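# Structural description and commentary
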Amino acid sequence: MREDTDDRPSVDTRFPHLQLALHLGATQAHLYVDASGESLFKRGWREDKGDAPLKETLAAAMLAAAGWKGTPEEGGALMDPCCGSGTIPIEAAQIACGIAPGLFRRFAFEMLPLFKRPEMRSLWAQLKLEAKQRIHAPAVPIIASDVAFRMMDFARRNAERAGVAHAIEFHGGDALQRPAPPLPEGISGTLMLNPPYGERIATRGTAAEDDFFPKLASHWKKQYTGWSAWLLCPEMKLPGLMRLKESRRIPMWNGPIECRLFRFDLQAGSLRKDRQGADQEG
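This write-up is about the structure you can find in this document.

About the thresholds
- Residues numbered from 1 in each chain as written.
- Predicted model: local features only at pLDDT ≥ 70, side-chain atom pairs only at ≥ 80, totals over all residues.
- Heavy atoms only, no water.
- Helix = DSSP H or I, 4+ residues; strand = E, 2+ residues; numbered from the N terminus.
- Buried < 20%, exposed > 50% of the residue type's maximum accessible area, 1.4 Å probe, protein only.
- Pairing = 2+ DSSP bridges.
- Axes fitted to C-alpha atoms, helices over the stretch in contact; angles between N-to-C directions.
- Contact = heavy atoms within 4.5 Å.
- Left-handed = near helix turned anticlockwise from the far one by under 90°.
- Nonpolar A, V, L, I, M, F, W, Y, C, P; charged D, E, K, R; others polar.
- Phe/Tyr/Trp six-rings, centres within 6.5 Å; stacked < 30°, edge-to-face > 60°.
- Lys NZ or Arg CZ within 6 Å of the ring centre and 35° of its normal.
- Patch = residues over 30% accessible without salt bridge, like charges linked within 9 Å, V, L, I, M, F, W, Y side chains within 5 Å.
- Areas by Shrake-Rupley, 256 points an atom, 1.4 Å probe, with all protein chains shown as cover.
- Salt bridge = Lys/Arg side-chain N within 4 Å of Asp/Glu carboxyl O.
- Lys, Arg positive; Asp, Glu negative; His and termini not counted.
- Charge placed at Lys NZ, Arg CZ, Asp CG, Glu CD.
- Expected span 1.5 Å × (residues − 1).
- Arc of directions from axis to C-beta.

### Let's talk about the overall build of the protein
- Of the regular secondary structure elements, the protein holds 8 helices and 9 strands.
- Every one of the 282 residues in the protein was classed for burial, and the buried ones make up 41%.

### Topic: the pairing of strand 3 (residues 77–80)
- The alternating pattern of strand 3 places Ala77 and Met79 on one face and Leu78 and Asp80 on the opposite face, and all of these are buried.
- Where strand 3 meets strand 6 (residues 189–193), 3 bridges bridge the pair, whose relative direction is parallel. The partner of Ala77 across the bridge, within strand 6, is Gly189.
- Here strand 3 runs beside strand 4 (residues 142–146); their pairing, made up of 3 bridges, is parallel. Opposite Leu78, over in strand 4, you have Ile142 as the bridge partner.

### Thoughts on the sheet that holds strand 8 (residues 246–254)
- The strand order across the open sheet formed by 7 strands is 5-4-3-6-7-9-8, and the pairing between neighbours is mixed. With one partner strand each, in any of the chains shown, strand 5 (169–172) and strand 8 form the two edges of the open sheet. Taken pair by pair, the neighbouring strands of this sheet meet at an average axis angle of 20 degrees, ignoring direction.
- Of the strands in this sheet, strand 3, strand 6, strand 7 (228–233), strand 8 and strand 9 (257–265) touch helix 2 (residues 56–65), which is tilted by about 160 degrees from strand 8.
- Strand contacts of helix 5 (residues 149–162): strand 4 and strand 5, with the helix running at about 170 degrees to strand 5, the strand carrying the most contacts.

### Comments concerning the packing of helix 2 against helix 3 (residues 87–96)
- Running from amino to carboxyl end, helix 2 crosses helix 3 at an angle of 65 degrees, the nearest separation of the two axes being 9 Å. Note on packing geometry: the crossing formed by helix 2 with helix 3 is right-handed. Each of Glu56, Ala59, Ala60, Met62 and Leu63 in helix 2 lies in contact with helix 3, whose residues at this interface are Thr87, Ile88, Glu91, Ala92 and Ile95.
- When grouped by side-chain class, the residues that make up the contact of helix 2 with helix 3 number 7 nonpolar, 1 polar and 2 charged.

### A closer look at the packing of aromatic side chains
- Under the criterion given, the structure shown has 8 aromatic pairs.
- Taken together, a centroid distance of 6.2 Å and an interplanar angle of 15 degrees make the contact between Phe262 and Phe264 stacked.
- Residue class for Phe262 comes out buried when judged on its relative accessible area of 0%.
- Pairwise contacts between aromatic rings join Phe107, Phe109, Phe115 and Trp124 into one cluster.
- For the cation-ring pair, Lys55 lies above Phe41, with the distance from its terminal atom to the ring centre recorded as 4.6 Å.
- A cation over an aromatic ring shows up here: Arg105 above the ring of Phe107, its NZ or CZ 4.5 Å from the ring centre.

### Description of the pairing of strand 9
- In this sheet, strand 9 lies alongside strand 7 in antiparallel orientation, the contact comprising 6 bridges. Paired with Trp230 across the bridge in strand 9 is Arg263.
- In the sheet, strand 8 pairs with strand 9 via 8 bridges, with the strands oriented antiparallel. Of the residues in strand 9, the one forming a bridge with Ile250 is Leu261.

### A closer look at a negative patch on the surface
- There is a patch of like negative charges on the surface, built from Glu3, Asp4, Asp6 and Asp7.
- Within the secondary structure layout, Glu3 lies in helix 1 (residues 2–5).
- Overall, Glu3 belongs to the exposed group, its relative accessible area being 79%.

### Describing helix 5
- Between its terminal C-alpha atoms helix 5 stretches 20 Å, which fits the 20 Å expected from 14 residues at 1.5 Å a residue.
- Three or more residues of helix 5 are buried, namely Met151, Met152, Phe154, Ala155, Asn158, Ala159 and Ala162. One side of helix 5 carries all its buried residues, which in axial view fall inside an arc of 160 degrees. Relative to its buried face, helix 5 has exposed residues pointing more than 90 degrees away, namely Phe149 and Glu160.
- Buried positions along helix 5 lie against helix 3, strand 4 and strand 5.
- Residue Gly163 follows helix 5 closely and has a positive phi angle near 80 degrees.

### Topic: the pattern of salt bridges
- Using the criterion set out here, one finds 10 salt bridges in the structure.
- For the salt bridge of Lys215 with Asp211, the shortest nitrogen-to-oxygen distance reads 3.4 Å. Here Lys215 and its partner Asp211 are both found in helix 6 (residues 209–223), 4 residues apart, which amounts to about one turn of the helix.

See the structure below:
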């Protein structure tokens, strides 16, 4: 580079403008330019986070697997009663508002000499403008709550940076006590959560970890009749613990933890109580 440019480049080795990836094989080496920079799961809005944050891309994958698209016809209202720093409701709000993923972050390709040409910068500015013009008001309610008030502060600040604070209702409180919110007529409800579990973080609130899930199921049966619940958990026997029959289970990985995304269609009471009631009536 000295021979070609008469200069030695100065590089910040911790935060370089552009990263290169070198893959060495037995007989060949491949050199790649990293055009993204920071990992793509970093949308550019999460600065406040808890002890076990969910990656933004995993939250988006959960919503996609559930078929939730932020409309009255596809998904309806969404509630996360264990929202932590707000990853799931914020991703949902961006979907509901038509906000392109990564709209508020920078990419490494913006530092390339080719990109510094006026026509390239103009094209990129036009693409971002068109993306911003597609943003709209949400058509369904999105509700976030958590037992830790510190997490709720984090979630609110993250939502402000993501441009969706206006699209999310924030409430503090225990997931085992939070009643179902009133929904507009004709709109169904979806619960979507990544609850605390031992490999990530301990439970808080009114229930210890060993009886959190049974109590959560009991609360749902009383308060959320007619809702669909999607729950990410590594416990393969979760339906048995909750005394609920899952209608779907989808394999997913939360970092190194193998999980399942379970769907439960919530009905009042339990199978055992329904049978006892039928026997008494008979």
